[in-house]
Amino acid sequence: MPIIVKSPREIELMRQAGKITAQARTIARQAIRDGVTTGEIDKEVYDFITKSGATPSFLNYGGFPGSACISVNEELIHGIPGDRVVRKGDIVSVDVGAKIHGYHGDCAGTYPCGEVSAEAKRLMEVTRQSFFEGIKYAKAGNRLGDIGAAIQEYVEKQGYSIVREYVGHGVGADLHESPEVPNYGRAGHGPRLVKGMTIAVEPMVNAGSAAIRVLDNEWTVVTVDGKLAAHYENTICITDGEPEILTMADDI
Ligand code: MG
């Protein structure tokens with residue numbers, strides 16, 4: 001599939017989608033508290049996105065039953081919202097998407113419920129920072145592999161593991177477009193970045209080994225060793241200079 005470079009008009013529409021998506025992530029973060037269920041968090045995300053005039057991108061996507069993927073502790077991604085109760089000390093990954101005027105935004109973050117362990121804090125911070133290390137190279141003229149190589153190098157230097165089975169992706173009129181955006185790779189390799197490309201950069205980081213498996217519900221991805229995992233994502237637009245973060249909010 002070809003990489004779709006967006007026009008200024010399309011990028012403006014993606015800003016609108018991105019803004020709603022980022023606000024939905026904030027709503028989800030603020031809903032995290034001791035005793036809340038992941039289903040209750042998902043309901044707040046659904047209500048916010050629909051009240052904004054947008055559509056939750058994930059709801060019914062491939063049959064997914066929620067508006068947000070909510071993944072707790074050893075769950076890396078694709079947690080199905082439901083009866084699971086969040087407790088103080090847990091870390092909660094929320095991944096949200098919203099579509100408006102024909103374009104999607106996609107972003108995620110991992111947040112604490114109350115006080116969490118120093119190790120959990122460090123994992124969340126390293127995962128978030130690895131996104132920013134990667135997008136230092138997200139600039140027209142560079143190669144896609146420059147981003148993944150920077151993320152991988154930073155994460156592994158901190159003693160954590162990059163998951164390889166799942167990757168970032170182009171975003172636009174479709175939630176998942178070309179190219180794939182791995183969180184690993186070789187600098188100087190891969191497609192050349194062009195102004196107007198819109199991609200989701202989303203490091204997925206395990207505290208222990210990189211091995212993951214999918215639960216019997218056929219969605220939820222967990223670490224094989226049961227150790228913590230974290231996820232952080234924004235949709236960005238490639239420019240001649242610094243990338244524009246389309247899923248921008250005060251608290252990203
Ligand atoms: Mg994504």
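Placed above this text is the structure.
Residues numbered from 1 in each chain as written. Predicted model: local features only at pLDDT ≥ 70, side-chain atom pairs only at ≥ 80, totals over all residues. Heavy atoms only, no water.

## Observations regarding the overall build of the protein
So, point 1. Scanning the protein from N- to C-terminus turns up 4 helices and 15 strands.
So, point 2. For a compact globule of 252 residues, the expected C-alpha radius of gyration is about 18 Å, and the protein comes in at 17 Å, within 12% of that figure.
So, point 3. Projected onto its principal axes, the C-alpha coordinates of the protein cover approximately 45 × 45 × 35 Å.
So, point 4. Put simply, the protein has 252 residues, and 54% of those count as buried.
So, point 5. Considering only contacts within the protein whose residues lie at least 6 apart along the sequence, 70% involve residues at least 24 apart.
So, point 6. Side chains of the protein give 26 positive and 34 negative charges; the mean places of these two sets differ by 4 Å. (Helix = DSSP H or I, 4+ residues; strand = E, 2+ residues; numbered from the N terminus. Rg over C-alpha atoms; globule rule 2.2 N^0.38 Å. Buried < 20%, exposed > 50% of the residue type's maximum accessible area, 1.4 Å probe, protein only. Contact = heavy atoms within 4.5 Å. Lys, Arg positive; Asp, Glu negative; His and termini not counted. Charge placed at Lys NZ, Arg CZ, Asp CG, Glu CD.)

## A few points about the coordination of the magnesium ion
So, point 1. The protein atoms that coordinate the magnesium ion are D106 (OD), H169 (NE2), E202 (OE) and E233 (OE), at distances spanning 2.2 to 2.4 Å.
So, point 2. Sequence spacing of the donor residues for the magnesium ion, all on one chain, is D-x62-H-x32-E-x30-E. In this pair, H169 sits in strand 7 (residues 168-170) while E202 sits in the loop between strand 9 (198-201) and strand 10 (204-206), placing the two residues 33 residues apart along the sequence.
So, point 3. Since its relative accessible area comes to 5%, H169 is described here as buried.
So, point 4. Residue classification places E202 among the buried residues on the basis of a relative accessible area of 7%. (Donors = N, O, S within 2.8 Å, 3.2 Å for Na, K, Ca; no water.)

## What about the layout of surface pockets?
Where empty space is left in the structure can be found by rolling a water-sized probe over the atoms.
So, point 1. Here the largest pocket defines a volume of roughly 420 Å³.
So, point 2. Contributing to the lining of the largest pocket are 23 residues, with H78, V167, H169, H176 and E202 lying nearest its centre.
So, point 3. Within the residue set of the lining of the largest pocket, elements represented by two or more residues are strand 7 and strand 8 (177-181).
So, point 4. Looking at which element gives the most residues to the lining of the largest pocket, the answer is strand 8, with 3 residues.
So, point 5. For the lining of the largest pocket, the per-class residue count stands at 11 nonpolar, 5 polar and 7 charged.
So, point 6. Computed from the structure, the second largest pocket encloses a volume of approximately 160 Å³.
So, point 7. Lining the second largest pocket are 14 residues; nearest its centre among them are T110, Y111, M124, R128 and Y232.
So, point 8. With 5 residues, the single largest contributor to the lining of the second largest pocket is helix 3 (residues 118-135).
So, point 9. Looking at the lining of the second largest pocket, its residues break down into 5 nonpolar, 4 polar and 5 charged. (1 Å grid on protein atoms, 1.4 Å probe; cavity = no way out; pocket = protein on both sides within 12 Å on 5 of 7 lines; lining within 4 Å. Points joined across faces, edges and corners; volume = space filled by probe spheres on them. Nonpolar A, V, L, I, M, F, W, Y, C, P; charged D, E, K, R; others polar.)

## Quick look at the side chain of S93
So, point 1. As for its position among the elements, S93 is in strand 4 (residues 91-100).
So, point 2. Among the polar contacts listed, one links the side chain of S93 to the side chain of T110, at a separation of 2.7 Å.
So, point 3. Once you skip the residues sitting within four places of it in the chain, S93 turns out to touch C69, I70, S71, L76, G109, T110, A229, A230 and H231. (Polar contact = N/O pair within 3.5 Å; in protein donor to acceptor, adjacent residues only side chain to side chain.)

## Concerning the sheet that holds strand 6 (residues 161-162)
So, point 1. What the 3 strands build is an open sheet, ordered 6-10-13; its pairing is antiparallel. Because the sheet does not close on itself, it has two edges, and the strands there are strand 6 and strand 13 (229-231).
So, point 2. As judged from the 3 bridges shared by strand 10 and strand 13, these two strands associate in the antiparallel manner. In the sheet register, M204 faces strand 13, and the bridge partner there is H231.
So, point 3. The sheet contacts of helix 3 involve strand 10 and strand 13, and relative to strand 13 the element is tilted by about 35°. (Pairing = 2+ DSSP bridges. Axes fitted to C-alpha atoms, helices over the stretch in contact; angles between N-to-C directions.)

## Concerning the pattern of salt bridges
So, point 1. For the structure on display, the rule yields 12 salt bridges.
So, point 2. Measuring nitrogen to oxygen at the nearest pair gives 2.8 Å for the salt bridge that ties K43 to D47. With K43 and D47 both in helix 2 (residues 38-51), this residue pair falls 4 residues apart, about one helical turn.
So, point 3. Each of E12, R15 and E244 takes part in one network of salt bridges that share partners. (Salt bridge = Lys/Arg side-chain N within 4 Å of Asp/Glu carboxyl O.)

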